[in-house]
Structure formats: C-alpha cells, structure tokens
Amino acid sequence: MPQTALIITVPEADPLVGAWRRLYDPRERDGVPAHVTVLYPFLEPDRIDEATIAALRALFASHDAFDLAFRRCARLSGMVCLAPEPDLPLRALTAAVAARWPEAPPYRGRFEDPVPHLTVALGQEETVNQKVEADLAARLPLLTRVDSVRLVVRESGVWRGWTSFALRQDRSPGAVTVP
C-alpha cells in the first residue's frame, strides 16, 4: 500500500552515518536519505491534492528555518540514532501538521510524545550498537541548517521525493545561529 511521510533530509549526515545506515537501517535500502521525521505516516497519496499541497506550503512557510546540531547518540525503541538539538522546532513542526490533519497522528499514535531523531541502526545486537555509537561519538558534532520539509511517497517498496516546502527564512542579513 502506498504511503507518504514528511521528513527533513540531512545530507550533511551522509558522510558520518551513510555506511552504518547501509548496513543497519532498512529504510536506507528503500531509498530514504538520512533524515528527521516530521510526520509518518502522512495522508494516503490519493488524498494529497493541490489544496493539500497549498495547505502544507502555507503551514511550513509560517515556521522559521533553524540551525540544528547533532552532538550525541541516543537509543530509542531498539535503535541507535543521533539526537537533534534543539528539538523544539522539530516538535513544533510535527505538532502543527498533526493539528491540521488529526487523522494522521505521528506513528499512528503509537507514541504519546514522539522524540525527534535521525536513525542510524535499527534492531541490532548490543555489540553492534556499541560499535556504531563509539564511531559516531568520535566524529560528532554535526551541524546543519533546516530550511525545508520534504514530502516523500513509498510505492512498490521504494521511497521517492514528491515535493519540498520551504520554511520562512530569517529576514535579518547575516543572521546565522549555531545551537
């Protein structure tokens, strides 16, 4: 069954996590780049029309772009991931989409408070998790700028990009902050 998701891609993470994800994250093999999920699953593809795209564009344009740092690894539900800081802007994006489309709760409502993260390894033995964490910890921090959210669709077992939505850009010249 086709699915959609809203994600923030983090291409800067590929040199750091790419090899680990190819080995231990099945979503990487399905075409999902290094990312932080805003909302999964979103609406079924046949429910996404021009009005939905316009509503998403307006919703994300009402949120400021922001800088994000990954300074540490974390463990969540059997996975090794990178923990984004600050996570409040990510949580705000998820909350805004979920409030606008209550029929699409994050992770189908499985988690009361979904924690933003970038998955690196999923369902591995403890020795593998420790090896992944040790390698990543020695190469952090990773810094990135979040200026858009991407709508992706999964069809025939493969994820592909559908479209992107820009976040509001800082209007003051030269303003860049690193958390």
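Just so it is clear, the structure is predicted and the values come from calculations on it, not from any experiment. (Residues numbered from 1 in each chain as written. Predicted model: local features only at pLDDT ≥ 70, side-chain atom pairs only at ≥ 80, totals over all residues. Heavy atoms only, no water.)

1. Section: the sheet that holds strand 7 (residues 148-155)
Next up, step 1: Spatial ordering of the open sheet is given by 2-1-7-8, a layout of four strands whose pairing is antiparallel. Two strands lie at the open edges of the sheet, namely strand 2 (35-39) and strand 8 (158-166), each paired on one side alone. Averaged over all pairs of adjacent strands, the angle between their axes in this sheet comes to 35°, without regard to strand direction.
Next up, step 2: Across five bridges, the pairing between strand 1 (residues 3-9) and strand 7 is antiparallel. What sits directly across from Ile7, in strand 7, is Arg150. (Pairing = 2+ DSSP bridges. Helix = DSSP H or I, 4+ residues; strand = E, 2+ residues; numbered from the N terminus. Axes fitted to C-alpha atoms, helices over the stretch in contact; angles between N-to-C directions.)

2. What to know about the sheet that holds strand 5 (residues 118-122)
Working definition: the strands of a sheet are paired by backbone hydrogen bonds and lie parallel or antiparallel to each other.
Next up, step 1: Read across the sheet, four strands follow the order 5-4-3-6 without closing on themselves; strand pairing throughout is antiparallel. Among the strands making up the open sheet, the edge pair consists of strand 5 and strand 6 (142-146). Pairs of neighbouring strands in the sheet enclose a mean axial angle of 30°, with direction left out of account.
Next up, step 2: Here strand 4 (residues 79-85) pairs with strand 5 via four bridges, running antiparallel. Note on strand 5: the bridge partner recorded for Leu82 is Leu118.
Next up, step 3: Running at roughly 45° to strand 5, helix 1 (residues 14-24) makes contact with strand 4, strand 5 and strand 6 of the sheet. (Contact = heavy atoms within 4.5 Å.)

3. Thoughts on the pattern of salt bridges
Next up, step 1: For the coordinates displayed, the defined rule picks out 14 salt bridges.
Next up, step 2: One salt bridge connects Glu85 with Arg72, and the closest N-O pair in it is separated by 3.8 Å. You can see Glu85 sitting in strand 4 and its partner Arg72 sitting in strand 3 (residues 66-76), a full 13 residues away along the chain.
Next up, step 3: The partly exposed category is assigned to Glu85, whose relative accessible area is 26%.
Next up, step 4: Because the salt bridges share partners, they merge into one network encompassing Arg21, Asp25 and Arg27. (Salt bridge = Lys/Arg side-chain N within 4 Å of Asp/Glu carboxyl O. Buried < 20%, exposed > 50% of the residue type's maximum accessible area, 1.4 Å probe, protein only.)

4. Considerations on unusual backbone geometry
Next up, step 1: Cis rather than trans, the peptide bond between Tyr40 and Pro41 has omega equal to -15°.
Next up, step 2: When you line up the elements, Pro41 lands in the loop between strand 2 and helix 3 (50-61).
Next up, step 3: Of note, the amide linkage connecting Glu85 to Pro86 takes the cis form, showing an omega dihedral of -10°.
Next up, step 4: Along the chain, the position of Pro86 falls in the loop between strand 4 and helix 4 (88-100).
Next up, step 5: Backbone geometry at Ser77 places phi at a positive 45°, although glycine is not the residue there.
Next up, step 6: With respect to the helices, strands and loops of the structure, Ser77 is situated in the loop between strand 3 and strand 4.
Next up, step 7: In this structure Ser77 comes out as exposed when scored by relative accessible area, which is 59%.
Next up, step 8: Positive phi outside glycine occurs at Arg108, with the angle close to 60°.
Next up, step 9: Its place among the elements puts Arg108 in the loop between helix 4 and strand 5.

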